[in-house]
Amino acid sequence: MLKHFLESDRPKDRLQPEVIRSKGFLCESCTSAHHTVIMRKPTKDEIYAYALSKTLTKVSSPATVGLYSSCENRTSMILRRMEIYMKRETLRIEQEHEGRSKPRSIPPSATDFLGLIVRLLFYRPIWTEENQQHHNIRFISVHFSAWHFAGSDLLWAGIAIRLLRAMQMSFGKLQLVLYRVAQHDEEREVLNKKVEESRNNWRSKKICCCPLWFLLLSILIVPMVILVVMFTLGPPKPEIKPDEEENNTNSQVGVLEGLFIAALGVPAASALRFAYQMGKNLIFSQDLNIKNGMDNEKISSQLGFMNEVRKEMWFLTCFIQFMEVFERRRIRVVLKITNLDRCSPKKIVSVLDAINILLSEEESPFISILAVNPDVLVQKVNFADGCFSKEDRAYALLNSIMTLAFTVPPLGDDSRRSLFDCLTKNSKDGCRTGGRNEKSSSNVSLIEIVLETKESKPLIDKSTAAPDVKEEEVEKLVRSILTSNERNLNQYMVDDAMSMRRVINTIRVTVIIMKALNKELPPPDCIAAWVVLANEWPCRLSWIIQCVEDAQQRADIDGKKVDNTDESKTLWEVFTESRAELYVMSSQIEDLLEQDGDPEMFERFLKVDFKFTVKNLKTFELAMVNLDHSIRKELAQIRGTSSLKDSGWMRDLAPLPIATIIKMDKEDVCEELMRLKYPPEYIDIVKRNNLSGSALIFGDAADLKDLLNMTFGEWATFRLHFLPHLPTQLRPQYKKTTSTPPHPQNRLSRLHAAQHYSSNPSLVKNCM
């Protein structure tokens, strides 16, 4: 088998050892044996993980990243690869750093450990410009599975427990307890951090203007020196009588004992108090206290418990800031929240509020990654109690806390085939369960490198080529994009800091992905404009993408070859052709349309300033990560339901697509009625009243029924065939309904007024 592999008919893919060394594929030690190295290109999911890891090194904390995908295996794999790439990125940054002081090792050496204990006991950090802007960074990954705490009513408090335990594992329980006893002061929470101009990072604790370490040494050493001197030389001996000698000796000893006790009494009492607090915090840890509070309903229902959890989060923040000064690097805690979409709506909202409140305070070192299925999450949040206003709904709530929304693009055809082959082979590497060697996101391209030596036993090594994007190129390109304002892109952004942070972070991710995929980068202002388009008008852009996709699929079904002119078609033209259909279903997608900004600004964006085409859409397709695909999925479901077609006896009863009906004139309507074998009098009514397709769609159904005067059976068939937009079966059943009665509809005739929609599209635009 191996011999056949080595003698396979792919000689062009093999490289000579000299060529391999010159290109830097392998080190010298790899060529010392009969060695076959199989390297594969990174999958798209690995590239997405790489782009996220590089972006997180530049994102300022606190930050919340939404990792959206309907496939749990893909999100799990991306999270694992992110952790690997973040470690590599931190090592690369430290190796390239040429600062005045190098960061300390992890884990700390014996000398660093002793230095940390001394600073915890006797020093306080000085906040300077230098130690507040460290170039090096360290990531601490914490996994929080919400399902593990779903049995508790206080699911959000489980986040604090996981963080406390993770900090104990990363830094040590002794260090945390020492900081709590010797450094932490709850009253300093209300004080602002003062940044000073100093070259020193530490200032000794002082008591009465005396350094604590010097005072402690003085208390311990000075009495000992006095005692040694007195025992060695003895006090002056005055002339005494023989019978008083014994009493003087006893009094001398008593004076020495009193002096010794007086010298060591105060420090001994302080030491006992310190030891008591240390022992208490070591035995009764705070995570155990929080867990007991969660189990006790009387305690957990009190406001004091919520405040205690908040204080613990602030304590962790202060401790990490202390360790940043000591380690000479930034420290970011990456909290990976999974399985949240499996919990009840009330608990989901409580966790989102905890992320927004507990983990998003100023100078907080936490970066939360919310890995969920957005479709499930949105439905559950909209069902939660207290969801009344627009800001309480799912999309608005997520937009208020997310600094980066990353939607994993769907699998391509080759990726699906690769995943299917992997599942068919029942690989042990985890293709079934999303293991380490997933091939679920792109083509798997193998590069075979064969090295011939005298060794008789071959060695096969399989590895993945790590994505590599030069930091200088990315920073230069991102800087040029953010500073480019040739077409005044800022006027299309909303005046919301969170939205602007999402745009900036998404631009960086998009650039890294396109560079890693070796895609030709569009002009800088076009990259920024596309990110803004997806951020400000997600529903309308999703609708355009769905229309383009449906047109492509229809061309494939009908066997038509797609002309190149279709790719030059502008997105505004696509939207104009289908805007009436979107208006018809607007009552079913109110929550989606609420996300979009000003419609007139959208028209100006695509019609005047940025005339994007279908070709541009395909260029950004793989890097478009800030557009929620669940929106397009719902639009496709509604559009597909309205255009259902069947075969056999149901063909004549199947509803026509809304887009087809809107384009019909009265002659087309008459031909369709004749095909359905309706009596001639109905055809005469259509001609006499000029009932075009737009009149049928936008007219009032009750007025139309009275006008046609059909029998019940004829009207049922007509309504099913020509009026598929009526909310009977199209409205998804899971939508939450309000108790407020609907507004009464005006039964005045809209039939003749609706005829103008086909000749005056601006009416449809104004309604949208």
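Higher on the page you've got the structure.
Residues numbered from 1 in each chain as written. Predicted model: local features only at pLDDT ≥ 70, side-chain atom pairs only at ≥ 80, totals over all residues. Heavy atoms only, no water.

(A) Region of the structure containing the overall build of the chain. A tally of regular secondary structure across the chain gives 34 helices and 12 strands. Expressed as a percentage of the 768 residues in the chain, the buried residues total 46%. Sequence separation of 24 or more characterises 84% of the internal contacts of the chain that already satisfy a separation of 6 or more. Surface accessibility of the chain: about 41700 Å² in total, with carbon and sulfur atoms responsible for 54%. (Helix = DSSP H or I, 4+ residues; strand = E, 2+ residues; numbered from the N terminus. Buried < 20%, exposed > 50% of the residue type's maximum accessible area, 1.4 Å probe, protein only. Contact = heavy atoms within 4.5 Å. Areas by Shrake-Rupley, 256 points an atom, 1.4 Å probe, with all protein chains shown as cover.)

(B) Main features of the nonpolar core. Counting 147 residues, the largest nonpolar core has Leu163, Met167, Leu340, Phe605 and Phe612 as the members making the most contacts within it. The contacts of phenylalanine 605, once residues within four sequence positions are left out, are Leu489, Tyr492, Ala529, Leu533, Trp537, Phe610 and Phe612. Core analysis: the next-biggest nonpolar cluster, separate from the first, contains 27 residues, Ile662, Met664, Leu673 and Leu676 among them. (Core = buried A, V, L, I, M, F, W, Y, C linked by side-chain atoms within 4.5 Å.)

(C) Region of interest: the sheet that holds strand S2 (residues 63–68). Ordered in space as S4-S8-S9-S2-S10, the 5 strands form an open sheet in which the pairing is parallel. Strands at the two margins of the open sheet, each flanked by one partner only, are strand S4 (137–145) and strand S10 (404–407). Strand-to-strand, the axes of this sheet are offset by a mean angle of 20 degrees, without reference to chain direction. One ladder, built from 9 bridges, connects S4 with strand S8 (residues 330–338); its direction is parallel. Residue pairing in the sheet places serine 141 in a bridge with valine 334 of S8. (Pairing = 2+ DSSP bridges. Axes fitted to C-alpha atoms, helices over the stretch in contact; angles between N-to-C directions.)

(D) Seen up close, the pattern of salt bridges. The final tally for this structure, using the stated rule, is 26 salt bridges. Its salt-bridge partner being lysine 336, residue glutamate 83 comes within 3.1 Å of it at the nearest N-O pair. Note that glutamate 83 is positioned in helix H4 (residues 72–96) and lysine 336 in strand S8, a separation of 253 residues in sequence. For lysine 336, a relative accessible area of 12% gives the class buried. Three or more residues are tied together by salt bridges with common partners; here these are Lys54, Lys58, Glu89, Arg92, Glu96 and Glu471. (Salt bridge = Lys/Arg side-chain N within 4 Å of Asp/Glu carboxyl O.)

(E) Structural view of unusual backbone geometry. Backbone torsion omega between serine 61 and proline 62 reads 0 degrees, so that peptide bond is classified as cis. Structurally, proline 62 is set in the loop between helix H3 (44–56) and S2. Here isoleucine 106 and proline 107 are connected by a cis peptide whose omega angle stands at -5 degrees. Of note, proline 107 is situated in the loop between H4 and helix H5 (110–122). Notably, glutamate 363 is not glycine yet its phi reads approximately 65 degrees, a positive angle. On the secondary structure map, glutamate 363 appears in the loop between helix H13 (345–357) and strand S9 (366–372). We note that lysine 677 has phi near 65 degrees; this positive angle belongs to a residue other than glycine.

(F) Just the packing of aromatic side chains, in detail. As enumerated under the stated definition, the model contains 24 aromatic pairs in all. Plain terms: the ring middles of tyrosine 179 and phenylalanine 319 are 5.5 Å apart, the flat faces sit at 70 degrees to each other, and that makes the pair edge-to-face. Of this pair, tyrosine 179 sits in helix H7 (residues 173–182) while phenylalanine 319 sits in helix H12 (residues 303–327), and the two are 140 residues apart along the sequence. According to the relative accessible area criterion, phenylalanine 319 is buried, its value standing at 0%. When the centroid spacing of 5.0 Å and the interplanar angle of 5 degrees are considered together, the rings of tryptophan 530 and phenylalanine 620 count as stacked. Within this pair, whereas tryptophan 530 is found in helix H19 (residues 524–536), its partner phenylalanine 620 is found in the loop between helix H25 (614–619) and helix H26 (629–642), the two being separated by 90 residues in sequence. The two residues tryptophan 530 and phenylalanine 620 agree in class, both being buried. An aromatic cluster of at least three residues, connected via ring pairs, comprises Tyr492, Trp530, Trp537, Trp572, Phe575, Phe602, Phe605, Phe610, Phe612 and Phe620. Over the face of the ring belonging to phenylalanine 315 we find arginine 180, whose NZ or CZ atom lies 3.9 Å from the ring centre. (Phe/Tyr/Trp six-rings, centres within 6.5 Å; stacked < 30°, edge-to-face > 60°. Lys NZ or Arg CZ within 6 Å of the ring centre and 35° of its normal.)

(G) Molecular detail of the packing of helix H18 (residues 497–516) against H19. It is the contact of H18 with H19, at a shortest axis distance of 10 Å, that shows an interaxial angle of 130 degrees. Relative to H19, the element H18 is oriented oblique. Seen from above, H18 lies across H19 with right-handed handedness. Of H19, the residues touching H18 (which contributes Ser499, Arg502, Val503, Thr506, Ile507 and Thr510) are Ile527, Ala528, Val531, Val532, Asn535 and Glu536. (Parallel < 35°, antiparallel > 145°, perpendicular 65-115°, else oblique. Left-handed = near helix turned anticlockwise from the far one by under 90°.)

(H) Representation of the side chain of serine 53. Here serine 53 lies in helix H3. The class of serine 53 is buried, set by a relative accessible area of 1%. For serine 53, the contacting residues outside a window of four places in its chain are Met82, Tyr85 and Met86.

(I) Representation of the environment of asparagine 136 within the structure. With respect to the element layout, asparagine 136 can be found in the loop between strand S3 (123–125) and S4. Between the alpha carbons of asparagine 136 and arginine 329 there is a distance of 4.9 Å; along the sequence they are 193 residues apart. Dropping the residues within four chain positions of it, asparagine 136 is found in contact with Ile93, Glu94, His97, Pro103, Arg328, Arg329 and Arg330.

(J) Structural context of the side chain of arginine 332. Its place among the elements puts arginine 332 in strand S8. Among the polar contacts made by the side chain of arginine 332, one reaches the side chain of serine 61 at a distance of 3.2 Å. (Polar contact = N/O pair within 3.5 Å; in protein donor to acceptor, adjacent residues only side chain to side chain.)

(K) How the structure looks around the packing of H5 against H7. Remark: H5 packs on H7, axes separated minimally by 9 Å, with the N-to-C direction vectors making an angle of 20 degrees. In terms of orientation, H5 lies roughly parallel with respect to H7. Mapping the contact onto sequence places Phe113, Leu116, Ile117, Leu120 and Leu121 in H5 and Leu174, Gln175, Leu178, Tyr179 and Ala182 in H7. When its residues are assigned to classes, the contact of H5 with H7 shows 9 nonpolar, 1 polar and no charged. (Nonpolar A, V, L, I, M, F, W, Y, C, P; charged D, E, K, R; others polar.)

(L) Summary view of H13. With 13 residues, H13 extends 18 Å between its outermost C-alpha atoms, agreeing within 8% with the 18 Å of an ideal straight helix rising 1.5 Å per residue. Regarding H13, the residues found buried are Lys347, Ile348, Ser350, Val351, Leu352, Ala354 and Ile355. (Expected span 1.5 Å × (residues − 1).)

(M) Just a nonpolar patch on the surface, in detail. The grouping of Trp213, Phe214, Leu216, Leu217, Leu220, Ile221, Val225 and Val229 at the surface amounts to a nonpolar patch, some 670 Å² of accessible area in total. Note that valine 225 resides in helix H8 (residues 212–233). (Patch = residues over 30% accessible without salt bridge, like charges linked within 9 Å, V, L, I, M, F, W, Y side chains within 5 Å.)

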